[in-house]
Amino acid sequence: MTPYARRGVHGQTVETLARRVLSGEIPEGATLDLVALQGELDVSLTALRESLKVLAAKGIVDARQKRGTFVRARADWNLLDADVLRWQFAGGTGSGADRALLRNLGEVRGIVEPAAVRLAAERRTEADLVVLEDALTAMGEQDGGAAHAVEADLAFHRALLAATHNELLERMEMVIESGLAHRDEIVHSSRHGEDPVPSHRAVLDAVRAQDPAEAEHAMRALLDQAVRDLDRVHGTGAAAGERSADR
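Worth saying up front: this structure is predicted, and the values here are computed from it rather than measured. (Residues numbered from 1 in each chain as written. Predicted model: local features only at pLDDT ≥ 70, side-chain atom pairs only at ≥ 80, totals over all residues. Heavy atoms only, no water.)

Q: For this particular structure, what's the right way to read the overall build of the protein chain?
A: Looking only at helices and strands, the protein chain features 12 helices and 2 strands. Mapped in sequence order, the helices and strands of the protein chain form the string α-α-α-β-β-α-α-α-α-α-α-α-α-α. For the protein chain, long-range pairs separated by at least 24 residues make up 68% of all intrachain contacts whose partners lie at least 6 apart in sequence. On the protein chain, roughly 12,800 Å² of surface is accessible, and the fraction owed to carbon and sulfur atoms is 51%. (Helix = DSSP H or I, 4+ residues; strand = E, 2+ residues; numbered from the N terminus. Contact = heavy atoms within 4.5 Å. Areas by Shrake-Rupley, 256 points an atom, 1.4 Å probe, with all protein chains shown as cover.)

Structural data, given as structure tokens:
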């Protein structure tokens, strides 16, 4: 599903309601008091209802006669929707739920991207290689700050999915980018991450050489590095053990 426009009163209302629900401030099964919410958020009832339609389309809320508008069970939420993923990450970067979601998304990437990069190696065009090279060049620029590094990384992985020339795989960017952007914000704001350029260069070189097996191998190594980077930032996993052994 295409992300909705976040601008204006409508967008702000959607964001506020979504984050309250996904953070648990408004729990599953709760019935919403629309009149109270209208007054609290200082919006018209029409604007509030239109905002709730966005959440209903994502499986988060529903409305029934005699019960009113209520929060559906988490099992009904469209958890792969890009907005739903982003709202879940909006609560912060240190919680156990946040780390669990990153692990889940990491496992999804481990399933999707190695297979996708094999197709990219077989099907890439010269135009695809130009876009990938431009993204890698941007990734190596040191003076752009964390936001620039995040966008360059997203551009690279977006270009890899596009190079599969499979329109369904290309749509996976909306799932992968949500977790990747959040992970990158954590890592690039820290000094613990490894240089991402060599691992991405290895992927690009294999795609350029049209070597599917090597491309998959390089992608798995890249994803392993992504896990190590997060472990270093969070002080968990093998990376933490390595530091303890060094002391």
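Q: What's the story with the confidence of the model for the protein chain in this structure? I'm lost.
A: Parts of the prediction with low pLDDT should not have their coordinates interpreted in detail. Here the protein chain averages 86 in pLDDT, and 86% of its residues register 70 or above. Every residue in residues 238-247 scores below 50 in pLDDT, and together they form 8 contacts with partners more than four places removed in sequence or on other chains. (pLDDT = per-residue confidence, 0-100.)

Q: What should I look at first to understand unusual backbone geometry in this one?
A: Across residues other than glycine, the phi torsion is negative in most instances, and most of the peptide bonds are trans. Unusually for a residue other than glycine, Asp42 sits at a positive phi of about 55 degrees. Along the polypeptide, Asp42 turns up in the loop between helix H2 (34-41) and helix H3 (45-57). Phi at His165 is positive, roughly 55 degrees, even though this residue is not glycine. For His165, the position within the fold is in the loop between helix H7 (145-162) and helix H8 (167-171).

Q: Would you take a moment to explain H7 for this structure?
A: Since one α-helical turn is 3.6 residues long, residues separated by three or four positions face the same way. Over its 18 residues, H7 runs 26 Å from end to end, which matches the ideal 26 Å to within 8%, given 1.5 Å per residue. Turning to H7, its buried residues number three or more, namely Ala149, Val150, Ala152, Asp153, Leu154, Phe156, His157, Ala159, Leu160 and Leu161. (Expected span 1.5 Å × (residues − 1). Buried < 20%, exposed > 50% of the residue type's maximum accessible area, 1.4 Å probe, protein only.)

Q: Help me understand the side chain of Ser199 in this model?
A: With respect to the helices, strands and loops of the structure, Ser199 is situated in helix H10 (residues 197-208). What makes Ser199 buried here is its relative accessible area of 12%. Engagement of the side chain of Ser199 in a polar contact is seen with the side chain of Gln225, the distance being 3.4 Å. (Polar contact = N/O pair within 3.5 Å; in protein donor to acceptor, adjacent residues only side chain to side chain.)

Q: Would you mind showing me how to read the packing of aromatic side chains here?
A: For any pair of aromatic rings, the description consists of the separation of the ring centres together with the inter-plane angle of the planes. Enumeration over the complete set of coordinates arrives at 0 aromatic pairs. In this arrangement the basic side chain of Arg67 is found over the ring face of Phe70, its NZ or CZ atom lying 3.7 Å from the centre. (Phe/Tyr/Trp six-rings, centres within 6.5 Å; stacked < 30°, edge-to-face > 60°. Lys NZ or Arg CZ within 6 Å of the ring centre and 35° of its normal.)

Q: Where do I start with the pairing of strand S1 (residues 61-64) in this structure?
A: Consecutive side chains of a regular strand alternate in pointing toward one face of the sheet and then the other. Here S1 runs beside strand S2 (residues 68-71); their pairing, made up of 4 bridges, is antiparallel. Note on S2: the bridge partner recorded for Ala63 is Thr69. A loop of 3 residues connects S1 with S2, the two strands running antiparallel in sequence, and Lys66 in this loop sits at a positive phi of about 75 degrees. (Pairing = 2+ DSSP bridges.)

Q: Help me understand the packing of helix H6 (residues 126-139) against H7, please; the structure alone is not making it clear to me.
A: Two quantities define a packed helix pair, namely the angle between the helix axes and the distance between the axes. In contact at an axis separation of 8 Å, H6 and H7 are set at 160 degrees when each is read in the N-to-C sense. Considering their axes alone, H6 and H7 lie roughly antiparallel with respect to each other. For H6 against H7, the interelement crossing comes out left-handed. Note on element contacts: H7 touches H6 through His148, Ala152, Asp153, Ala155, Phe156, Ala159 and Leu160, opposite Val131, Leu132, Ala135, Leu136, Ala138 and Met139. The residue inventory of the contact of H6 with H7, partitioned by class, reads 11 nonpolar, 1 polar and 1 charged. (Axes fitted to C-alpha atoms, helices over the stretch in contact; angles between N-to-C directions. Parallel < 35°, antiparallel > 145°, perpendicular 65-115°, else oblique. Left-handed = near helix turned anticlockwise from the far one by under 90°. Nonpolar A, V, L, I, M, F, W, Y, C, P; charged D, E, K, R; others polar.)

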